[in-house]
Amino acid sequence: MTPATRRPILVTGLPRSGTSWTGKMLAAGGDVVYVNEPLNPQHPPGRCPGVLRATVTHRFQYICDDNAADWLPAFRDTVALRYRFLPELRANHSPYDLGRLLVHGTTFTLGRLARRRALLDDPFAVLSAGWFAARLGCTVIALERDPVSFVASWQRLGWTVYFHELLEQPLLVRDHPALLDLRALVGSPDRVLKAATLWRVTHEILARTPGIHLVRYEDLAADPVRGFQRLYGHAGLTWSAAAERRVRRACTGPAGREEGFAWSGLSRTAFRPMDSRQALERAARGLTPADVERVRALTATGTVRPDSP
């Protein structure tokens, strides 16, 4: 078995569960190359064959051994930091895309030469987390946010979930037949119900998935320095004075107004410096007390406490 200090890392969990924050903090020690959402069907950050030479057809793309003929070689290249310059150039050649090609191609190449590990930050891999652990040998860290906080965040951003993108994946439904119950919610305008249901079904899938490390977002946010120090140990990363300093600076700054995404250079990411403990105090903002009670009822079935960070 590959030692933890050499394995690629996948940080996943539903969108708005803290994956970008966690990925950036794990990259703060300098041991990894951060790869942002290769399975995102939107360009950018997805649909970049230089990063992942495979065609993403759905949000929450399901990957298993039965459809891995294309995915396995593509992800082996990605986690080995082999950037595919020509496919990227053929697919994306605007001035902006050329800038991304240069940045990502250089980062991958230098990271591979320095024997750094790939860290994939990808919430769209959450339903395939077990495959990443078993077939790619990834250390998988799955973030789970309190359902009220999760639904409130989606409400504030005006997000919804389109369940047909899950139901149109036969292998996903085969392996998780409980998803068939979602058919009644296709087209529903009830965003609170749909977000809570997405949380519940994902929670139940992750609770049954072997080989992954489940972490509560709230535990990590309440004590980020100790929490990330433990995650560094779990992932075989070096916890240094520099890493601790960067984590402290990024997790104790003023909490800003919540937006959908922030931009850093040519990268699109949901991460921004924040006071993570203050952020917990506003977790239910945007939901009424009745909404909160309803979300608790909708997500109460089969609750399993994740691992400590």
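First, a word on what this report is: a plain description of the structure on this page. Given the structure is predicted, the values throughout are model-derived calculations rather than measurements.

A tally of helices and strands in the protein chain yields 14 helices and seven strands. A buried classification covers 54% of the 309 residues belonging to the protein chain. Partitioning the contacts of the protein chain with sequence separation of at least 6, the portion at a separation of at least 24 is 76%. Accessible surface, the protein chain as shown: approximately 13,700 Å² in total, 54% of it carbon and sulfur.

Orientation of helix 1 (residues 19-27) relative to helix 11 (residues 224-235), taken along the N-to-C sense of each, is 70°, at an axis distance of 10 Å. Classified by the angle between their axes, helix 1 and helix 11 sit roughly perpendicular to one another. For the pair helix 1 and helix 11, the sense of crossing is right-handed. From helix 1, Trp21, Thr22, Met25, Leu26 and Ala27 reach across to helix 11, where they touch Pro224, Phe228, Leu231 and Tyr232. In terms of residue class, the contact of helix 1 with helix 11 is built from eight nonpolar, one polar and no charged.

All right, on to helix 12 (residues 241-251) then. Restricting attention to buried positions, one finds in helix 12 the residues Ala243, Val247, Ala250 and Cys251. The buried residues of helix 12 all sit within an arc of 85° when viewed along its axis, so they share a single face. Of the exposed residues in helix 12, those oriented more than 90 degrees away from the buried face are Ala241 and Arg249. Buried-residue contacts for helix 12 involve helix 1, helix 11 and helix 13 (276-281).

A complete count under the given rule lists 12 salt bridges for this structure. Among the ionic pairs, Arg82 bridges to Asp77, the shortest N-O distance being 2.8 Å. Taking the relative accessible area as the measure of exposure, Asp77 reaches 15% and is therefore buried. With a shortest N-O distance of 3.4 Å, Arg216 and Asp219 are connected by a salt bridge. Judged by relative accessible area, which is 21%, Arg216 ranks as partly exposed. Given the relative accessible area of 21%, Asp219 is considered partly exposed. Taken together, the shared-partner salt bridges in this structure form one network comprising Asp66, Arg174 and Asp175.

Another aspect to go through is the nonpolar core. Side chains of a nonpolar character, in soluble globular proteins, are inclined to be buried together. Of all hydrophobic cores here, the largest spans 64 residues; its most connected members are Leu39, Phe75, Trp131 and Phe132. Per-element tally for this core: the top contributor is helix 9 (residues 191-207), with nine residues. Ignoring sequence-local partners within four residues, the contact set of Phe75 consists of Pro38, Leu39, Leu52, Ile63, Leu120, Trp131, Phe132 and Leu136. Ranked by size, the runner-up nonpolar core spans 27 residues in total, among them Ala28, Tyr34, Ala221 and Leu231.

Our next topic: a nonpolar patch on the surface. Judged by side-chain polarity, Leu86, Leu89 and Leu98 come together as a nonpolar surface patch covering roughly 250 Å² of accessible area. Looking at the element boundaries, Leu98 is found in helix 4 (residues 95-113). Residue class for Leu98 comes out partly exposed when judged on its relative accessible area of 34%.

The rules behind each value
- Residues numbered from 1 in each chain as written.
- Predicted model: local features only at pLDDT ≥ 70, side-chain atom pairs only at ≥ 80, totals over all residues.
- Heavy atoms only, no water.
- Helix = DSSP H or I, 4+ residues; strand = E, 2+ residues; numbered from the N terminus.
- Buried < 20%, exposed > 50% of the residue type's maximum accessible area, 1.4 Å probe, protein only.
- Contact = heavy atoms within 4.5 Å.
- Areas by Shrake-Rupley, 256 points an atom, 1.4 Å probe, with all protein chains shown as cover.
- Axes fitted to C-alpha atoms, helices over the stretch in contact; angles between N-to-C directions.
- Parallel < 35°, antiparallel > 145°, perpendicular 65-115°, else oblique.
- Left-handed = near helix turned anticlockwise from the far one by under 90°.
- Nonpolar A, V, L, I, M, F, W, Y, C, P; charged D, E, K, R; others polar.
- Arc of directions from axis to C-beta.
- Salt bridge = Lys/Arg side-chain N within 4 Å of Asp/Glu carboxyl O.
- Core = buried A, V, L, I, M, F, W, Y, C linked by side-chain atoms within 4.5 Å.
- Patch = residues over 30% accessible without salt bridge, like charges linked within 9 Å, V, L, I, M, F, W, Y side chains within 5 Å.

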